[in-house]
Amino acid sequence: MKLVPLGDRVVLKQVAAEETTKSGIIITGEAKEKPQQAEVVAVGPGGSVDGKEVKMEVKVGDLVVYSKYAGNTVEVDDEEYIIVRQDEILAIVK
Amino acid sequence: MKLVPLGDRVVLKQVAAEETTKSGIIITGEAKEKPQQAEVVAVGPGGSVDGKEVKMEVKVGDLVVYSKYAGNTVEVDDEEYIIVRQDEILAIVK
Amino acid sequence: MKLVPLGDRVVLKQVAAEETTKSGIIITGEAKEKPQQAEVVAVGPGGSVDGKEVKMEVKVGDLVVYSKYAGNTVEVDDEEYIIVRQDEILAIVK
Amino acid sequence: MKLVPLGDRVVLKQVAAEETTKSGIIITGEAKEKPQQAEVVAVGPGGSVDGKEVKMEVKVGDLVVYSKYAGNTVEVDDEEYIIVRQDEILAIVK
Amino acid sequence: MKLVPLGDRVVLKQVAAEETTKSGIIITGEAKEKPQQAEVVAVGPGGSVDGKEVKMEVKVGDLVVYSKYAGNTVEVDDEEYIIVRQDEILAIVK
Amino acid sequence: MKLVPLGDRVVLKQVAAEETTKSGIIITGEAKEKPQQAEVVAVGPGGSVDGKEVKMEVKVGDLVVYSKYAGNTVEVDDEEYIIVRQDEILAIVK
Amino acid sequence: MKLVPLGDRVVLKQVAAEETTKSGIIITGEAKEKPQQAEVVAVGPGGSVDGKEVKMEVKVGDLVVYSKYAGNTVEVDDEEYIIVRQDEILAIVK
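The paragraphs below set out a description of the structure included in this document. (Residues numbered from 1 in each chain as written. Chains lettered and ligands numbered in written order. Predicted model: local features only at pLDDT ≥ 70, side-chain atom pairs only at ≥ 80, totals over all residues. Heavy atoms only, no water.)

**Considerations on the environment of Leu-12 of chain B**
All names here are of chain B. Cut-off, in case you're wondering: Starting at the N terminus, helices and strands are each numbered in turn, a helix being any DSSP run of H or I of at least four residues and a strand any DSSP run of E of at least two. For the exposure calls, accessible area comes from a 1.4 Å probe over protein chains only, and a residue counts as buried if that area is under 20% of its type's maximum, exposed if over 50%, partly exposed in between. Here, residues are in contact when the closest pair of their heavy atoms is within 4.5 Å.
Inspection of the secondary structure assignment puts Leu-12 in strand E2 (residues 9-14). Residue class for Leu-12 comes out buried when judged on its relative accessible area of 0%. Sequence separation of Leu-12 and Val-43 is 31 residues, and the distance between their C-alpha atoms is 8.9 Å. Not counting the four nearest positions on each side in its chain, Leu-12 is found in contact with Ala-38, Glu-39, Val-40, Val-41, Val-64, Tyr-66, Glu-80, Tyr-81, Ile-82, Val-84 and Ile-89.

**Some words on unusual backbone geometry**
Phi at Asp-50 of chain A is positive, roughly 55 degrees, even though this residue is not glycine. Relative to the helices and strands, Asp-50 of chain A is located in the loop between strand E5 (47-49) and strand E6 (52-54).

**A short note on the environment of Gln-36 of chain D**
Residue and element names in this part refer to chain D. Checked against the element boundaries, Gln-36 lands in strand E4 (residues 35-43). Residue Gln-36 is classed as buried on the basis of its relative accessible area of 14%. Measuring from C-alpha to C-alpha, the distance between Gln-36 and Val-65 comes to 5.3 Å, with 29 residues separating the pair along the chain.

**Re the side chain of Gln-86 of chain B**
All names here are of chain B. Put simply, the test is: In protein, a polar contact requires one atom able to donate a hydrogen and another able to accept it; more generally it is a pair of N or O atoms within 3.5 Å, and residues adjacent in sequence count only if both atoms are side-chain atoms.
Positionally, Gln-86 belongs in the loop between strand E9 (79-85) and strand E10 (89-93). A polar contact is formed between the side chain of Gln-86 and the backbone oxygen of Lys-55, at a distance of 3.0 Å. At a separation of 3.4 Å, a polar atom in the side chain of Gln-86 contacts the main-chain amide nitrogen of Val-58. Excluding residues that lie within four positions of it along the chain, Gln-86 makes contacts with Asp-8, Val-10, Val-54, Lys-55, Met-56, Glu-57 and Val-58.

**Concerning the pairing of strand E10 (residues 89-93) of chain G**
Each regular strand carries side chains that alternate between the two faces of the sheet. Formally: One requirement defines pairing of two strands: DSSP has to find at least two bridges between them.
A large share of E10 of chain G lies buried, amounting to five of its five residues. Pairing between strand E1 (residues 3-5) of chain F and E10 of chain G: three bridges, direction antiparallel. Pairing of Val-4 of chain F across the sheet is with Ile-92 of chain G, part of E10 of chain G. Two elements, strand E7 (residues 63-67) of chain G and E10 of chain G, share three bridges in a ladder whose sense is antiparallel. Of the residues in E10 of chain G, the one forming a bridge with Val-64 of chain G is Ile-92 of chain G.

Structure representation (structure tokens):
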């Protein structure tokens, strides 16, 4: 069972807090817009989104920092995923 | 009696909570924007919507996760349906 | 005496609650955006609306489900009508 | 002394409540957007309004139903007028 | 010392309440958007404003009715002026 | 040390209250949008701003009246500056 | 480990308060939009952002003043970074 995102949507899987500490990355955030670190697990096709051409810049496996505010959380087979628009991804962590 | 959606509207039928548990999918959500799992029962023709060209990407029978916030609920012949814009559908569940 | 809508406006006549029950259609709604069933009694010419080309997709006699939120109610010769933009019509009931 | 509206503005003169009753038209409205019946007394030239081409569809003498919400009231020589954008006019009453 | 407005801005000088009564014009208004009568004392060049081409339609000396809501008040050499966008001018009084 | 503004940003230096009184200019304002008199000390290059072509119309040394609401205050070497978008400048004072 | 920003995003590292005092720059701000001084540590590729072509004007090493309101804070390897859109950068400090 898997999630196939539409348009410019990206499916993310949050990196557990333990791992985050190990890699030396701690994420802090504003009250209304908490940035989050996550791994990309599925990427929409992009194309025409709200009348604008969107090219997908992230790929499966990328570790990203995103703005959680507009994301939606979904649980599939006991795993929790977050679905965001690509524009809500701030940076790739390399 | 059936619903024929206009423009980029999509008619959804929510998958019952029992089925959801069986398939191993549990959906959680933010306070204001609860994602929901549902089956597509009718798809609008797309085309020019608010001056922008929209191509329909979902088809009847697709199982989808959607953002319930802007949806409208309608009951026809004792069945409850939700009408959303395609852009409010986050991903197809496969 | 009749209402001739401008632009993408559509004049609707609500189907009485009694009829609704007979046809097996019951409409429920969100707090802020109550969907409603009604019959189309007049359709604007469409064309350029707010700088965008709108083609009218509904016709007189169509039974439609609409989002009541932005509609205006007018009473002419003891009949009550609702005037909505075509985009506020969600689906045609067939 | 007269009002010459700019752009897509239209000057209206409300039809008195007495006349309304005589013609069999009673207007009801939502809390925030009260539709109103009025006669068109002056029509702006249309043309480019906020970067969009607007063609004026109403003419002096038309009886119209409008959405009062954004209108401005002006009194000239003891007569009260309402100035609305053409888009705030819902329908012509014929 | 004088004010040279930029873009689609127009400098107005309010007509005193006394004059208004003499000319038989009394202006009433909504709580949030009070229309006002004033004389045009300076007109911006128009041209490209927020990516849209604006042609100035008012000229110095015009008596206008405007929507005060977004205007800014400035005092130069003991005279008070109001600076509005041309789009906030509703009609020319002739 | 100096501020080089980006895009359509303009760096202003407020004219002290004392000077203002000497030149006979007193500025009053609305609660939310206080107009302010200031001197232009640096001008951005203009060009493409939010997808729109902006041509800079003010130059260093101009005395301007601006809408303070969206401005940001910065202190460099004990001098306080205000950074606004050109569109927030209402008029040049000559 | 490093942050590679997407689109028109820019990664900033705030200049410590001590340094700020040494260089003679003190930054004050409005309640809702606090300008901040920071050094650019990474710059997105620009290109098509929300359907508009964005050209990056800042480069790594630039000292900038930015509007903090929409920024997101991220901590990588014990260093705190701020990710902003280029449009939220007000000026380069030279």
